[in-house]
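# Chains, contacts and geometry: an overview
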Amino acid sequence: MMVAVTGVLMHFYKEATDGRREQRAIAEQIIRLHVIANSDTEEDQELKMKVKETIVTYLRGEMQDASSVDEARQAIVEHLPEIEEIATEKMRAEGYDYSAEATLGESYFPVKEYGDLTFPAGDYEALRVRLGSSEGRNWWCVMYPSLCFVDSTYQVVPDTSKEQLKQSLTEEEYNSLLEGGDDVSYSWKLVEWIQSLF
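Residues numbered from 1 in each chain as written. Predicted model: local features only at pLDDT ≥ 70, side-chain atom pairs only at ≥ 80, totals over all residues. Heavy atoms only, no water.

## What about the sheet that holds strand β6 (residues 138-144)?
The following threshold applies: Pairs of strands are assigned from DSSP output, requiring at least two bridges between the strands. The secondary structure listing takes helices from DSSP runs of H or I that are at least 4 residues long and strands from runs of E that are at least 2 residues long, numbered from the N terminus. Fitting a line to C-alpha atoms yields each axis, with helices limited to the stretch in contact; the angle taken between N-to-C directions then spans 0 to 180 degrees.
Strands sit in the order β2-β5-β1-β6 across an open sheet of 4 strands; the sheet is mixed. With one partner strand each, in any of the chains shown, β2 (100-109) and β6 form the two edges of the open sheet. Across the sheet, the mean angle from the axis of one strand to that of its neighbour is 30°, orientation sign disregarded. Where β2 and strand β5 (residues 122-131) come together, 10 bridges link them in antiparallel fashion. What sits directly across from E106, in β5, is E125.

In structure tokens form, the structure reads like this:
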């Protein structure tokens, strides 16, 4: 009985470990944009959306020639002061005197659905823009390859953006994003439970 249980646990552990490797491979090819609101008030959440549109528009222009994640990273790092400046200017134009802080680094993200793509939980490189005291809900997208929605109410990732992402990943990695959802969430809960046993 114990041998059978151990065998089943090892099987699930292998599947979960493979999933973690897949997540890391996906994470190596993308950079997220993560904008964190000052607070959860309706006004601060609306401000967050206005600031993120300004940042997305600016970065699309600065990163349009980036042909690799390394080039995209370099463009972001070079423009961190400008990102903070345009975020601050947008907030001032809207009547707020919050500061903005832009950093590029790794952050943990839970499972996130983005249109019909599901990104597994794990550590991802992200441009984080903190507004004011940054205690509110956040907004995120994939900045490279450029998957940020033009219109936040339009919840379908355009085929051209998917194609760009597909070229950066293996077929298996890309397909895992399309086949995600509950399986991804369940898989990560399972790996955490199995790791607690070992």
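## Side note on the packing of helix α3 (residues 69-78) against helix α4 (residues 80-93)
Short version of the rule: Reported orientations rely on four angle classes, namely roughly parallel under 35 degrees, roughly antiparallel over 145, roughly perpendicular from 65 to 115, and oblique for the rest. Between two residues, a contact is recorded if the distance between any of their heavy atoms is within 4.5 Å. Each residue receives one of three labels: charged for Asp, Glu, Lys and Arg, nonpolar for Ala, Val, Leu, Ile, Met, Phe, Trp, Tyr, Cys and Pro, and polar for the others, Gly being one of them.
Where α3 contacts α4, the axes come no closer than 4 Å and their chain directions differ by 60°. Here α3 is positioned oblique relative to α4, judged by the angle of their axes. Here I76, V77 and E78 of α3 come into contact with α4, specifically with L80, P81, E82 and I83. Counted by class, the contact of α3 with α4 contains 5 nonpolar, no polar and 2 charged residues.

## Details of the pattern of salt bridges
We apply this condition: Salt-bridge detection follows one rule: a side-chain nitrogen of Lys or Arg within 4 Å of a carboxyl oxygen of Asp or Glu.
As enumerated under the stated definition, the model contains 6 salt bridges in all. A salt bridge links D70 to R73; the shortest N-O distance between them is 2.6 Å. In this pair, D70 and R73 are both assigned in helix α3, 3 residues apart and thus about one turn of the helix distant. Two residues, E94 and K90, come together in a salt bridge whose shortest N-O distance is 3.4 Å.

## Here's the deal with the layout of surface pockets
What counts here: Method remark: on a 1 Å grid restricted to protein atoms, a set of points is classed as a cavity if a 1.4 Å probe fits but cannot get out and as a pocket if it is open with protein on both sides within 12 Å along at least five of seven lines; lining residues have an atom within 4 Å of a point. Grid points are joined across faces, edges and corners, and a volume is the space filled by probe spheres set on the points.
The calculated volume of the second largest pocket comes to roughly 200 Å³. If you go around the second largest pocket, you meet 13 residues; those closest to its centre are Q23, R24, A27, E106 and D123. Those elements that place two or more of their residues in the lining of the second largest pocket are α1 (2-27) and β5. Class assignment for the residues of the lining of the second largest pocket results in 4 nonpolar, 2 polar and 7 charged.

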